[in-house]
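Spelled out, the chains give:
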Amino acid sequence: MRSLLYLMTALGVMALAVWAYHENHRTQQARADMRAVEREIEALRAALSMQRAEWAYLNRPDRLRQLVDMNFTRLRLMPMTVEQYGHIGEIVYPPMPPVHTPGAYLGTSVETLGTIDHTIGTDPAEAP
Amino acid sequence: MIRVPLRPLARVLEARADGRDPAVIERENLRLRHEQMQDRSRRRAERRLLFMATLFLAGFALIGARMAVLAASPPEEATPWRGEDIAADRADITDRAGRILATNLRTNALYAETRHLVDGTRAAHELARIFPELDAQALARRLNDPARRFLWIRPQLSPEQVQAVHDIGEPGLLFGPREMRLYPNGRLAAHVLGGAGFGTQGVTAAEIIGTAGIEHRMDAQLRDPARADQPLMLSIDLSVQAAVEEVLAGGMEMLTARAAAAVVMDAHSGEIIAMASLPDFDPNSRPAPPTEGNPTDSPIFNHAVQGAYELGSVMKAFTVAQALELGLVGPQSMVDTRGPLRVGRFSITDFRSRGARQSVADVFIYSSNIGTARLAQMIGGERQRTFLGSFGLLAPSPVELAEAARVRPQFPERWGELSSMTISYGHGLSTSPVMLAAAYAALVNGGTRVEPTLLRRPDPVPGERLISEQTSATMRAMMRAVVSGGTASLVEVAGVLPGGKTGTADKPNPRGGYYTNRVIATFAGAFPMNDPRYVIVVMLDEPEDTTGPEPRRTAGWTAAPVTGEIIRRIAPLLGVRPQEDAPEIEAVLRTR
């Protein structure tokens, strides 16, 4: 009985040792991974700040103004001024799209159109 | 320790005499001795066990506590180049919409370790080919100097230059990573940003420190590693700033002015939306301060903040506002404007006389020096000084620029009657355009004090009350009348209702007296006048409009058209929509 207990204890200690070794190994691996991720974050962050700087540099008002001047013949962009404010009512409606009636095609007579096109009205019985 | 003998002689003799076996006594004593020994060793074992248990408990407690601390601590990201205790991080600076005004860029610095050098002379010649400004001979001498082990060659290298230096193939030439301050917008808002340079330098990092402007003033906050990823948000609006600078530069060129400044400020919060000073510079390579000549001619001089000018008639607004506020006059009270007005041996004249008596409103609208001086006489010097002081015109400006605190407004020590009268129309008191803008904001926003600031202030609290709502409304009406029918008609922009006051001040001659043909032309005003949202101050130094038959220098012909153009351009950017049925707010002046 006692020897069994000793055996179990010894086995337990060995198992725990293996577990502890394993955990240690995993921790070290996790730390190495973390360092790699941190380096990657750092590199990405540096690239991001570089790109943000680049974006700000390319969007600087001086350059935009030069681009506008260069493309004036095509775009005709003028500085925004108060005279350019308008009313919503001054905007013209877009032209109505041509009505496509299913089933009707070039050459179909109007009477025939009336009979086949019952999808426009709500109820075929009420259609003229 | 006293050992009890196993065979005490007295008891053995006694036992022998009685005929008992003395060995029994010995066995008995031996048993007692063993019992004692057992007790002792048990106690010792118990003590040891307790000690071990305590030790283990302490160990586990320690490990547990450490785990708890680790679990509770916030995750921390590795930052590079922490090695030398130099914090290279510096927070970005953005405008009010988050657009970048200043950021950091990673570059490399070039240095040499002479003990690794293979051929110093060749390296020097190759380097001089890449960097033409290096002197090959001098560099070779320094590289071959046996007393030298280390040598900085260049503080910043572009990626192409790094590759070119790599291609020399010299093991003694090494690169140190560097953060570089970059102002992507170039000259835009140069005077606000100031500039930055390197402080302490190490091999793997260098400290960036602000050398001027907001970079210097907010240096501690920008360098704080805990706040490195929170950008410093300014109140500047990039697009408004660009438009103001463009129009101002055009105006300055057309009017052949020596310098120009403009400030656009939120009338309620004091946030500076745009602040321009011309000539300007590129903060990426900030020029050194001038060592000779007039410092105000240098491009690094900020005319909007550092310049203290006698701004002329724009100051009349404060005299009139105070006279109204004290109830001494109403807008329609008549004032004696017969000229010239003699005080001692000094005489005050008007640019153009408009009769012997004028209403207070007309004194303001048509800018009568004599009328304003009369109002100042009624107010008295002491009250005038307190009033101007309450608008902040007599103290250094609180704007967050390194240069601002060093500039003191200039005014006479003895605020006598003559000083009071000349100050009433803007001579004898010099102040900076940014302080004038803040004071005008207080005049038109309903009468509460405004502190100018360059930092974003999302929810402003109204400052202390300086003049009543009523006086402020009257001032707004008068300022509107100056534009709709007075000296500043060229400021008019349809529907935006600008208003303000022009000022043309003769420039003081450093040899005493005033120049007769050099002026400072200023326009100070706000828009839209029925509910002012933005204050604008435009100042031109020595402008001259030569399009007419004779040169015109008054602000109405110089500062006013420039201001009008600026308002026309920035009103849509600021979301100020032209009003169709613009209220004629100057009408209240006629009814009263």
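Nothing here was measured: the structure is a model prediction, and the numbers come from that model.

(A) Expanded view of the nonpolar core. Residue and element names in this part refer to chain B. Judged by nonpolar contacts, the single largest core of 138 residues is most densely connected at Val-244, Ala-262, Val-264, Met-265, Tyr-440, Val-535 and Val-537. Ranked by the residues each element gives to this core, the list is headed by helix 15 (residues 433–444), at 11 residues. Summarising the domain contributions, this core has at least three residues from each of domain 2 (93–233) and domain 3 (239–288 + 303–591). Excluding residues that lie within four positions of it along the chain, Met-265 makes contacts with Gly-270, Glu-271, Ile-272, Ile-273, Ala-437, Ala-438, Ala-441, Pro-452, Tyr-534 and Val-535. Formed by 12 residues, the second largest nonpolar core is a distinct cluster that contains Ala-109, Leu-110, Ala-123 and Val-165.

(B) Region of interest: the sheet that holds strand 9 (residues 272–278) of chain B. All names here are of chain B. A sheet is described by the order of its strands in space; here 5 strands give the open sequence 9-8-18-17-16, paired in antiparallel fashion. The two strands at the open ends of the sheet, each matched to only one other strand, are strand 9 and strand 16 (499–508). Shown here is a sheet whose adjacent strand axes are inclined to one another by a mean of 10°, direction ignored. Where strand 16 meets strand 17 (residues 514–527), 9 bridges bridge the pair, whose relative direction is antiparallel.

(C) Up close: the interface of chain B and chain A. Across the contact, 27 residues belong to chain B and 20 residues belong to chain A. Counting residues per element, the ones that place at least two in the side of chain B that touches chain A are strand 2 (100–113), helix 9 (238–254) and helix 17 (559–573) of chain B. Partitioning the side of chain B that touches chain A into residue classes produces 15 nonpolar, 6 polar and 6 charged.

(D) Geometry of the environment of B:Ala481. Residue and element names in this part refer to chain B. Looking at the element boundaries, Ala-481 is found in helix 16 (residues 469–485). Residues Ala-481 and Met-334 lie 147 residues apart in sequence; the distance between their C-alpha atoms is 18 Å. Contact partners of Ala-481, with chain neighbours within four places excluded, come to Ala-361, Ile-365, Gly-486, Glu-586 and Leu-589.

(E) Examining the domain arrangement of chain B more closely. Annotation of chain B at the domain level lists domain 1 (1–32), domain 2 (93–233) and domain 3 (239–288 + 303–591). The straight-line distance from the C-alpha centre of domain 1 of chain B to that of domain 2 of chain B is 99 Å.

(F) Looking closely at helix 3 (residues 120–130) of chain B. Residues and elements named next belong to chain B. The set of residues buried in helix 3 consists of Gly-120, Ala-123, Ala-124 and Leu-127. For helix 3, the buried positions fall inside an angular range of 100° around the axis, keeping them on one side. In this structure, the buried residues of helix 3 make contact with helix 4 (136–144), strand 3 (150–157), helix 5 (159–168) and strand 4 (173–182).

(G) Spotlight on the environment of B:Glu403. All names here are of chain B. Position of Glu-403 among the secondary structure elements: in the loop between helix 13 (381–390) and helix 14 (417–424). On the basis of neighbour counts, which here come to 19 C-beta atoms within 10 Å, the residue Glu-403 falls in the partly exposed class. Spatially, the C-alpha atoms of Glu-403 and Leu-375 are 35 Å apart, while their sequence positions differ by 28 residues. When near neighbours in sequence (up to four residues on either side) are disregarded, Glu-403 contacts Ala-212, Asn-302, Val-305 and Gln-306.

(H) Molecular detail of the packing of helix 10 (residues 316–325) of chain B against helix 12 (residues 369–379) of chain B. Residues and elements named next belong to chain B. In the contact formed by helix 10 and helix 12, the axes pass within 9 Å of each other and the chain directions differ by 45°. Taken together, helix 10 and helix 12 sit at an angle that is classed as oblique. In this structure, helix 10 crosses over helix 12, and the sense of that crossing is left-handed. On helix 12, the residues touching Lys-316, Thr-319, Val-320, Gln-322 and Ala-323 of helix 10 are Thr-372, Leu-375, Ala-376, Met-378 and Ile-379. For the contact of helix 10 with helix 12, the class distribution of residues is 6 nonpolar, 3 polar and 1 charged.

Criteria and thresholds
- Residues numbered from 1 in each chain as written.
- Chains lettered and ligands numbered in written order.
- Predicted model: local features only at pLDDT ≥ 70, side-chain atom pairs only at ≥ 80, totals over all residues.
- Core = buried A, V, L, I, M, F, W, Y, C linked by C-beta atoms within 7 Å.
- Buried ≥ 20, exposed ≤ 12 C-beta atoms within 10 Å, placed from the backbone.
- Helix = DSSP H or I, 4+ residues; strand = E, 2+ residues; numbered from the N terminus.
- Domains from an automatic or database assignment.
- Contact = placed C-beta atoms within 7 Å.
- Pairing = 2+ DSSP bridges.
- Axes fitted to C-alpha atoms, helices over the stretch in contact; angles between N-to-C directions.
- Nonpolar A, V, L, I, M, F, W, Y, C, P; charged D, E, K, R; others polar.
- Arc of directions from axis to C-beta.
- Parallel < 35°, antiparallel > 145°, perpendicular 65-115°, else oblique.
- Left-handed = near helix turned anticlockwise from the far one by under 90°.

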